[in-house]
Amino acid sequence: DFDMPRVALIVQDFLSHGTFLTSQSYVQESVWLNIPWGPALIYFYSFFIKISADPINVAKMLTFFHFVGIVILVRLGWRYFSPTVGVLAGLLLATNPYWVTYSRIIYQPAPVITFIIISMYLLFSVIKDKNKLSCILLPVSWVILFQIYIPTYSFIVVSLFFLILNHKSINYIYFFVGMLLSLALYVPTI
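Residues numbered from 1 in each chain as written. Predicted model: local features only at pLDDT ≥ 70, side-chain atom pairs only at ≥ 80, totals over all residues. Heavy atoms only, no water.

Caption draft 1: Region of the structure containing the confidence of the model for the protein. The predicted model of the protein averages 90 in pLDDT, with 95% of residues at 70 or higher. Averaged pLDDT values for the elements of the protein fall to 86 in helix α1 (residues 4–17) and rise to 97 in helix α4 (residues 83–94). (pLDDT = per-residue confidence, 0-100. Helix = DSSP H or I, 4+ residues; strand = E, 2+ residues; numbered from the N terminus.)

Next up, the structure:
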């Protein structure tokens, strides 16, 4: 079972004994005998547990991180659709019972929502604004998202499809730099 204490213990063990190159060995099979996540999940939660191992402090930091996700969602909707879309999307996410419950604890798929929001914002920034930094960060966000929760590949494939449809918006040099940075995240897996 991948309950909250088990993931926290895996991360604490990684912080005590692990390195970047050994991080893949901390990825464990689920009860369904598949690998549902990669090293990025360990890095993500390591950041918070390294600051404080106190569960209350970790919960506060996670809550703040996910609050930032709500703010990014409001900005995404507001900027690329309309103020109404932004505010409604933010309210719907902020009051979703699943989100309210799981955004405050170390739970395997909890960061997925915030990272999807970040990835969506980067995708729109590449397509609509032709932003060079977003061209670098978009493939990195996809790899982080995939390694946090492998079933998110479906979101990544759809995002890639939309990016291909809008290929004229891509700065290929910056996107290539992002792909190289992304490959670095796979070094422990290889």
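Caption draft 2: Spatial organisation of the packing of α1 against helix α2 (residues 39–51). The interhelical angle for the contact between α1 and α2, taken along N-to-C directions, is 80°, at an axis separation of 9 Å. Between α1 and α2, the angle falls in the class roughly perpendicular. On α2, the residues touching Val-7, Ala-8, Val-11, Gln-12, Phe-14 and Leu-15 of α1 are Ile-42, Tyr-43, Tyr-45, Ser-46, Ile-49 and Lys-50. Looking at the contact of α1 with α2 residue by residue, the classes come out as nine nonpolar, two polar and one charged. (Axes fitted to C-alpha atoms, helices over the stretch in contact; angles between N-to-C directions. Parallel < 35°, antiparallel > 145°, perpendicular 65-115°, else oblique. Contact = heavy atoms within 4.5 Å. Nonpolar A, V, L, I, M, F, W, Y, C, P; charged D, E, K, R; others polar.)

Caption draft 3: Geometry of the pattern of salt bridges. Throughout the structure, instances matching the rule amount to one salt bridge. For Arg-79, the salt bridge is made with Asp-129, and the minimal N-O distance between the two is 3.0 Å. Placement of Arg-79 in helix α3 (residues 55–80) and of Asp-129 in helix α6 (residues 110–129) is noted, with a sequence separation of 50 residues between them. The class of Asp-129 is partly exposed, set by a relative accessible area of 33%. (Salt bridge = Lys/Arg side-chain N within 4 Å of Asp/Glu carboxyl O. Buried < 20%, exposed > 50% of the residue type's maximum accessible area, 1.4 Å probe, protein only.)

Caption draft 4: The arrangement of α3 in detail. Relative to the 38 Å expected for 26 residues at 1.5 Å per residue, α3 spans 37 Å between its end C-alpha atoms, a close match to the ideal helical length. Residues of α3 that are buried: Val-58, Met-61, Leu-62, Phe-65, His-66, Gly-69, Ile-70, Leu-73, Leu-76, Gly-77 and Tyr-80. For α3, the secondary structure elements touched by its buried residues are α2, α4, α5 (97–102) and α6. (Expected span 1.5 Å × (residues − 1).)

Caption draft 5: Expanded view of the packing of aromatic side chains. For the coordinates displayed, the defined rule picks out 16 aromatic pairs. Relative to Phe-48, the ring of Phe-44 lies with its centre 5.1 Å away and its plane at 75°, an arrangement referred to as edge-to-face. Highlighted residues: Phe-44 and Phe-48, both in helix α2, separated by four residues, approximately one helical turn. Comparing Phe-44 with Phe-48 shows no difference in burial state: the two are buried. (Phe/Tyr/Trp six-rings, centres within 6.5 Å; stacked < 30°, edge-to-face > 60°.)

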